Amino acid sequence: MKNIVHISTISEVHQALGLPSPKHPLVSVIEIDKAVTGYDYGDHTYIYGFYQVAFKAGIKGEIIYGRNSYDFEQGSLVFSKPGQAQSYAETEEMEGETGWVLLFHPDLIRRFDVGKNIEQYSFFSYETHEALHVSEDEKKVLQELISQIEKEYCNNIDKHTQKLIVSNIELILDYCTRFYDRQFYVRANHNLDMLAKLDNHLKDYFDQEKSLELGLPTVKYFSELMNMSSSYLSDMLKNATGRHAQQYLQDYLLERAKNQLLATDDQISQIAYGLGFEYPQHFSKLFKSKVGLSPVEYRKIS
């Protein structure tokens, strides 16, 4: 079993990599060079106390999150948030390697709107194989903002410094949201294939009566089945269908309920249990709230 190493501060990262102390205790941009990529992470799992946005290109190796790994030889962005477990496979130095890692502590953004709304940037919960692949123009946009952050904390720090740094971090995250939307769009055919797979998994879930054992279908169950993070699956579905994953599963459940109400003489309680509801009244309440009729009324009118 791997040893768990907790790294709480940005200063600890600089110290571990043999870098000078950070210019600002709560934010740092580390340029990727041979010293950094050649660092021996050992057979450890690292848990960091801060956010990371990393752009990496021209480096051969893997970062491993949980069950998944991501080969970052091509230029792309990966994101992580405080408390995520992260380990590293062996890396190799490559000629022309480029990149940067933006580190920022929750305390930096806590008093600002971006700190209050950080959960809306769902890509911090994506797996590494769901990385953001950016174009040359997109790289330039991000690089300019990174340069502005570096410039701010390298100058004399004053009462405006933190606000300006946080504003640039928020811009980076907003641009990454736009770039992910673009990535979902250009992968539309792939997403439709994933949608068909999800529908097949949902059909099997009920046909094989897994609902009797596992209960109502959950986003976590199906995202793991499809080797995706829950956040990525939800965002992919939102882009493809206009509905987040939980809403998509609920709509599928209701359509199946409607079919059973009209195509069978099964009792309402029997249908409810078969769909995974623990209590039939919960099924009836959900059905009426979404359809406008109780299951009994729907069966009679239809």
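Refer to the structure printed above.
The structure contained in this document is the topic of the report that follows. This one's a predicted model, so the numbers in the text were calculated from it and none came from an experiment.

### Some details on the pattern of salt bridges
Now for step 1: Using the criterion set out here, one finds eight salt bridges in the structure.
Now for step 2: Linking Arg-182 and Glu-138 is a salt bridge whose minimum nitrogen-to-oxygen distance equals 2.8 Å. You can see Arg-182 sitting in helix α6 (residues 161–186) and its partner Glu-138 sitting in helix α5 (residues 136–154), a full 44 residues away along the chain.
Now for step 3: Owing to a relative accessible area of 28%, Arg-182 belongs among the partly exposed residues under this scheme.
Now for step 4: Looking at Glu-138, the relative accessible area reads 10%, which means it is buried.
Now for step 5: One salt bridge connects Glu-224 with Lys-220, and the closest N-O pair in it is separated by 2.8 Å. On the criterion of helical spacing, the pair formed by Glu-224 and Lys-220 is a turn pair, its members being four residues apart in helix α9 (residues 219–225).
Now for step 6: Using a relative accessible area of 53% as the deciding quantity, one classes Lys-220 as exposed.

### A short note on the nonpolar core
Now for step 1: Formed by 67 residues in total, the largest nonpolar core has its most connected members in Leu-102, Phe-104 and Phe-124.
Now for step 2: When residues of this core are assigned to their parent elements, the largest contribution, nine residues, is made by α6.
Now for step 3: Sequence-distant contacts of Leu-102, that is, excluding residues within four places in its chain, are made with Val-27, Ser-28, Val-29, Tyr-51, Gln-52, Val-53, Ile-146, Ile-149, Ile-169 and Ile-172.
Now for step 4: Formed by 14 residues, the second largest nonpolar core is a distinct cluster that contains Ile-7, Tyr-46, Phe-50 and Ala-131.

### Focus on the packing of helix α7 (residues 188–207) against helix α10 (residues 230–241)
Now for step 1: Remark: α7 packs on α10, axes separated minimally by 10 Å, with the N-to-C direction vectors making an angle of 110°. As judged from the angle between their axes, α7 and α10 are roughly perpendicular. Contacts between α7 and α10 involve Asn-191, Met-194, Leu-195 and Leu-198 on the former and, on the latter, Met-236, Leu-237 and Thr-241.
Now for step 2: When grouped by side-chain class, the residues that make up the contact of α7 with α10 number five nonpolar, two polar and no charged.

### Section: the packing of helix α12 (residues 268–275) against helix α13 (residues 280–291)
Relative orientation and spacing of two packed helices are given, respectively, by the angle between their axes and the distance between those axes.
Now for step 1: Viewed as axis vectors pointing N to C, α12 and α13 meet at an angle of 90°, and their least axial separation amounts to 8 Å. The angle between α12 and α13 places the two elements in the roughly perpendicular class. When α12 is examined against α13, the residues Ile-268, Ser-269, Ile-271, Ala-272, Tyr-273 and Leu-275 are found in contact with a partner set consisting of Pro-280, Phe-283 and Ser-284.

### Describing the sheet that holds strand β4 (residues 51–57)
Two strands in a sheet stick together by hydrogen bonds in their backbones, pointing the same way (parallel) or opposite ways (antiparallel).
Now for step 1: In space, the four strands of this open sheet follow the order β2-β9-β4-β7, with antiparallel pairing throughout. Only two strands of the sheet have a single partner each, and these edge strands are β2 (27–31) and β7 (76–80). Between one strand axis and the next, the sheet turns by 10° as a mean value, whatever way the strands run.
Now for step 2: Where β2 meets strand β9 (residues 98–104), five bridges bridge the pair, whose relative direction is antiparallel. Counted as the bridge partner of Ile-30 is Val-101 from β9.
Now for step 3: Those strands touched by helix α1 (residues 10–17) are β2 and β9, and its axis lies near 25° from that of β2.
Now for step 4: Of the strands in this sheet, β2, β4, β7 and β9 are in contact with α6, which crosses β9 at around 120°.

The rules behind the values
Residues numbered from 1 in each chain as written. Predicted model: local features only at pLDDT ≥ 70, side-chain atom pairs only at ≥ 80, totals over all residues. Heavy atoms only, no water. Salt bridge = Lys/Arg side-chain N within 4 Å of Asp/Glu carboxyl O. Helix = DSSP H or I, 4+ residues; strand = E, 2+ residues; numbered from the N terminus. Buried < 20%, exposed > 50% of the residue type's maximum accessible area, 1.4 Å probe, protein only. Core = buried A, V, L, I, M, F, W, Y, C linked by side-chain atoms within 4.5 Å. Contact = heavy atoms within 4.5 Å. Axes fitted to C-alpha atoms, helices over the stretch in contact; angles between N-to-C directions. Parallel < 35°, antiparallel > 145°, perpendicular 65-115°, else oblique. Nonpolar A, V, L, I, M, F, W, Y, C, P; charged D, E, K, R; others polar. Pairing = 2+ DSSP bridges.

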